[in-house]
Amino acid sequence: MPLNVKTRRKRGIRMAVTLLSGLLPVLLGLAILYMQAERALKQSTEQTAEEAIRQFELMLDNTAQAARELLPLAGQNCNDVKLALREQVTRRPFVRSTNLLWDNTIYCSSLFGDVQEASVSGDYSKGALLLMKGNPVTPDTALLVYRLSKEKQGAMSTLDGYHLTNVLRLIGRKTVLLLQVGPHWLSADGKFHEGAVPAFAVAQTRLESSRYAFSVAAGFPEGETWRFMSSEYPPLFSLLIFFGVISGVIGHFVQKRSSAPSNEMRRALEAAEFIPYFQPVVHGDNKKWSGAEVLMRWNHPKEGLVRPELFIPFAEHSGLIVPMTRSLMQQTAEWLAPVSSSFEGAFHIGINITASHCKDLELVEDCRQFLAAFEPGAVSLVLELTERELIEPTTITHQLFEQLHALGVMIAIDDFGTGHSSLGYLRQFNVDFLKIDQSFVAMIGVDALSRHILDTIIELSAKLDLGIVAEGVETTEQSDYLTARGVNFLQGYLFGRPMPGADFINALSHH
Ligand code: G
Ligand code: G
Ligand code: MN
């Protein structure tokens with residue numbers, strides 16, 4: 001079947017479209033899943049940050065409570081109050097040490113008792129919190145200092161970095177969590193940093209405590225979205241691939257069904273692969289050539305010569321039948337116009353027309369151009385309409401046939417006897433010829449009933465004053481029978497097979 005033969009390029013395009021229709025739902029689905037994953041991760045970091053804030057606030061509540069209770073003691077002799085300092089350290093969870101200040105100087109500590117150390121409140125974030133890298137006792141463990149001041153009095157309590165790091169690690173789990181206090185920040189590995197907090201590639205969140213001067217940053221490193229998708233979404237991926245395959249298969253078949261034949265035929269039309277074959281029609285009495293029927297052939301580069309039954313239905317379906325017939329008429333004129341001077345009387349040229357060709361008036365112009373290629377009166381154009389698909393009588397078709405008749409174009413009903421045209425139909429379209437279907441001719445001398453039908457058709461055409469052409473005449477017996485009944489025109493292998501233009505011209509000149 002020639003319509004399945006594809007050029008390499010066409011096949012490539014079709015593969016690409018199939019692939020695309022398969023990939024599109026997969027890619028679209030992936031994009032949606034990606035956004036969904038990003039949202040889920042963002043939600044997760046927000047929850048983690050909230051939880052961390054809650055934990056830190058809980059710890060700071062203890063240190064703040066210790067400082068609050070010690071603040072009224074500031075100014076008193078260190079020896080008198082250092083037990084009170086130590087009591088807070090022992091009683092309050094998370095509190096590592098406590099100190100008292102007077103006029104921005106630490107003068108009493110829970111660990112050493114009497115000390116002298118300047119401490120400017122400007123270091124403290126909003127005056128109350130300071131994250132330190134360490135202190136002389138534990139230089140490598142970060143610690144968070146909470147400070148309360150009232151005029152010259154001051155009280156401090158410290159929170160061990162170990163507890164902070166634990167929260168960052170345990171709550172964070174897969175989320176990266178940082179604790180930021182003023183210009184300093186602490187990472188989950190317990191390291192103290194200074195300067196800007198690094199930006200996270202995925203689901204970055206920053207949350208400030210409403211009660212203390214610290215904030216928490218949370219996020220994920222680069223690539224976490226894909227990692228999350230590959231661990232959470234495998235069932236959805238299978239579903240996506242399933243839809244992709246279905247969509248690809250649908251895309252494949254839709255293309256195959258809708259566009260493939262017409263594309264191939266359009267290509268063939270441009271490559272002038274549709275060519276005319278000519279079969280002579282002879283006079284019933286003297287058997288001289290009175291004309292020819294033009295029969296389309298597809299000269300396919302791979303399949304060879306293709307008969308019209310195999311491609312005309314596709315051509316009708318895609319609307320290509322109109323330009324194909326136009327091309328056929330042009331080629332016919334190119335073959336026959338140069339020899340038209342040798343015609344005796346008007347040479348009948350039969351062109352096959354389908355019902356779909358009669359939906360507008362384009363045909364009129366094609367016929368006009370065809371006739372213009374010949375000397376006036378040299379040819380007679382006969383449009384053959386098969387009886388198997390009748391033309392609906394509409395305003396357009398009436399206009400069409402009126403204009404065709406005005407041009408001198410004649411109408412023949414092809415395959416007559418196989419369809420169901422009424423006498424009304426024959427009159428309505430101003431029919432000039434009936435072409436008796438070859439199945440009746442084949443029954444001459446074989447089947448009595450078919451012969452009766454044949455006789456009736458011949459009588460009918462005589463009464464209606466229609467010309468009559470017998471198709472498929474293969475034997476002299478058939479020819480004699482038809483001639484004896486006054487059939488004007490005969491067509492069939494007995495007189496000539498459909499042949500290419502060159503052969504036809506050659507045979508015509510010997511005639
Ligand atoms: O000669 P052949 O076997 O090819 O003819 C097969 C059928 O194809 C015939 O019924 C004939 O009417 C149809 N056919 C041949 N050429 C054309 C054409 O140019 N246009 C249309 N519509 N039908 C054609
Ligand atoms: O358009 P139409 O259906 O009349 O086309 C005529 C068809 O009959 C073409 O397919 C043509 O090749 C075929 N044909 C023409 N003469 C003969 C013949 O003598 N015998 C047979 N079997 N077929 C013929
Ligand atoms: Mn025909």
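Residues numbered from 1 in each chain as written. Chains lettered and ligands numbered in written order. Predicted model: local features only at pLDDT ≥ 70, side-chain atom pairs only at ≥ 80, totals over all residues. Heavy atoms only, no water.

### Section: the environment of lysine 435
The line we're drawing: Numbering of helices and strands runs from the N terminus; a helix is a DSSP stretch of H or I covering at least four residues, while a strand is a stretch of E covering at least two. Whether a residue is buried, partly exposed or exposed follows from its accessible area with a 1.4 Å probe, protein chains only, as a fraction of its type maximum: under 20%, in between, or over 50%, in that order. Here a residue-residue contact requires only that any non-hydrogen atoms of the pair lie within 4.5 Å. For this analysis, a polar contact is any N or O atom pair within 3.5 Å, provided that within protein one partner can donate a hydrogen and the other can accept it, and provided that sequence-adjacent residues contribute only side-chain to side-chain pairs.
Residue placement: lysine 435 occurs in strand E18 (residues 433-436). Lysine 435 sits in the buried class, given a relative accessible area of 2%. For lysine 435 and isoleucine 468, which are 33 residues apart along the polypeptide, the C-alpha to C-alpha distance reads 5.9 Å. With near-sequence residues (within four places) excluded, lysine 435 lies in contact with Glu293, Glu384, Ala412, Ile413, Asp414, Asp415, Phe416, Val469, Glu471 and Gln491. Polar contacts involving the side chain of lysine 435 include one to the side chain of glutamate 293, which spans 2.9 Å.

### Here we look at the site of ligand 1
Note the cut-off: Near, as used in this document, describes a residue that has one of its heavy atoms within 4 Å of the molecule or strand being considered. Computed by Shrake-Rupley with a 1.4 Å probe, the accessible areas treat only the displayed protein chains as cover when residues are assessed.
In the vicinity of ligand 1, the residues found are Leu295, Met296, Arg297, Arg307, Pro308, Glu309, Ile312, Leu328, Asn352, Thr354 and Asp414. Within the backbone of methionine 296, a nitrogen or oxygen atom sits 2.9 Å from a nitrogen atom of ligand 1. Here an oxygen atom of ligand 1 and a side-chain polar atom of asparagine 352 are 3.2 Å apart. Contact with the protein chains covers 83% of the free accessible surface of ligand 1, which is 500 Å². In terms of residue count, strand E13 (residues 289-300) provides more of the shell around ligand 1 than any other element does, 3 residues in total.

### Notes on the coordination of the manganese ion (ligand 3)
What counts is decided by this rule: Excluding water, the donors of a metal are its N, O and S neighbours within 2.8 Å, or within 3.2 Å for Na, K and Ca, and that exclusion means sites may look incomplete.
Protein coordination at the manganese ion (ligand 3): the donors are Glu293 (OE), Asn352 (OD1), Glu384 (OE) and Asp414 (OD), at 2.1 to 2.4 Å from the metal. Each donor residue of the manganese ion (ligand 3) belongs to the same chain, and together they define the spacing E-x58-N-x31-E-x29-D. Of this pair, glutamate 384 sits in strand E16 (residues 379-386) while aspartate 414 sits in strand E17 (residues 410-416); the two residues are 30 residues apart in sequence, bridging distant segments of the chain. No difference in accessibility class separates glutamate 384 from aspartate 414, as the two residues are buried.

### Some remarks on the pairing of strand E6 (residues 153-160)
Convention followed: Strand pairing is defined by DSSP finding a minimum of two bridges between the two strands.
Most of E6 is tucked away, with 8 of its 8 residues classed as buried. Residues Gln153, Ala155, Ser157 and Leu159 point to one face of E6 and Gly154, Met156, Thr158 and Asp160 to the other, with burial holding for every one of them. Note: strand E1 (residues 95-102) against E6, 7 bridges, orientation antiparallel. For serine 97, the partnering residue across the bridge sits in E6 and is threonine 158. Note: strand E5 (residues 143-150) against E6, 8 bridges, orientation antiparallel. Bridge pairing in E6 places valine 145 opposite threonine 158.

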